[in-house]
Amino acid sequence: MRKKNMIPAWVSSIQSTFGKDVYHYVGQDIVIYESIDSYGAVMWPAALALCSFLDNNRDEVNLQGKEVLELGAGTGLVTIVASLLGASVTSTDLPEVLSNLRANVMRNTRKHCRHTPQVEVLSWGYDLERTHPTSIYRYDYILAADVVYHHDFLDELLATMKHFCLPGTTVIWANKVRMENDLTFTGNFKKAFHTSLLAEDGDMKIFMGTCRH
């Protein structure tokens, strides 16, 4: 495994004011509004870590012109940064998160990106070939940040990652280890994918995975 020192740039890249946070990535101020109605609509630290990594390692992970799927996009920050870096991004989450997600994404990417991000509902599960056949839904990168926490759909999450990770697809998953669930999922992720550690900073880790079959 390759390990790199990851500067916690998110500490100095945030300006907080009432009702919103302003982040600075890819040379642009990004205004994010959160919602207290859902865990998925607040900012989690792995999203900041992944944005910092993508912004500072553009040669290693070149998103220019790439097809990208984000799972559990939440507030949309990772989608926005990937779009600013030149990717064509499909940003996904559950229906109750989509309104705030779409507003954040559109506000920060309109007239700034070559490819307009798409915001869609995606529920993790085992029957995705029916709704998202791999003959049509093909991506260069799958991005996910802090999607592993205390919920009952970790097996469905892994199945979703495996479904979309075809030969030629790379999964980049950022996560802060908090509890046993994180370690269990990490073990299962390593069994499912050829895995390397892109970056780490204490309990914050960014993994890269490619298809085993």
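Not measured: the values here are computed from a predicted model.

**Remarks on the pattern of salt bridges**
Now for step 1: By the definition in use, this model includes 3 salt bridges.
Now for step 2: Among the ionic pairs, Asp127 bridges to Arg130, the shortest N-O distance being 2.7 Å.
Now for step 3: A relative accessible area of 45% places Asp127 in the partly exposed class.
Now for step 4: Its relative accessible area of 64% is what places Arg130 among the exposed residues.

**Re the confidence of the model for the protein chain**
Now for step 1: Averaged over every residue, the pLDDT of the protein chain is 88; residues scoring 70 or more account for 87%.
Now for step 2: Note on residues 1-12: pLDDT under 50 across the span, and 30 contacts to partners over four residues away in sequence or across chains.

**Let's talk about the packing of aromatic side chains**
Now for step 1: Counted by the stated rule, this structure contains 6 aromatic pairs.
Now for step 2: Seen from their ring centres, Phe189 and Phe193 are 4.7 Å apart, and the 40° between their planes marks the pair as tilted. Pair check on accessibility: Phe189 and Phe193 agree, each one buried.
Now for step 3: Here the aromatic rings of Phe189 and Phe207 are separated by 6.4 Å at their centres, their planes lie at 45°, and the arrangement is tilted. Here Phe189, found in helix 6 (residues 180-192), pairs with Phe207, found in strand 10 (residues 204-211); they are 18 residues apart in sequence, far enough to count as distant.
Now for step 4: Its relative accessible area of 0% is what places Phe189 among the buried residues.
Now for step 5: An aromatic cluster is defined as three or more aromatic residues linked by ring pairs; in this entry it consists of Trp173, Phe185, Phe189, Phe193 and Phe207.

What counts as what
For every chain, the first residue of its written sequence is number 1, and the numbers climb from 1 along that sequence. Only residues with pLDDT of 70 or above have their local features reported here, since the model is predicted, and side-chain atom pairs are shown and tallied only from 80 upward, although totals for entire chains, interfaces and linings are computed over all residues. The side-chain figures draw on all heavy atoms in the structure; neither hydrogens nor water molecules are used. By salt bridge we mean one thing: a side-chain nitrogen of Lys or Arg within 4 Å of a carboxyl oxygen of Asp or Glu. Think of it in three bands: with a 1.4 Å probe and only protein chains considered, a residue is buried below 20% of the maximum accessible area for its type, exposed above 50%, and partly exposed in between. Residue-level confidence of the predictor is what pLDDT reports, using numbers from 0 through 100. Between two residues, a contact is recorded if the distance between any of their heavy atoms is within 4.5 Å. Stacked, edge-to-face and tilted labels apply to pairs of Phe, Tyr and Trp rings (six-membered ring for Trp) whose centres lie within 6.5 Å, assigned for plane angles under 30 degrees, over 60, and everything in between, in that order. Strands here mean DSSP runs of E at least two residues long; helices mean DSSP runs of H or I at least four residues long; both are numbered from the N terminus.

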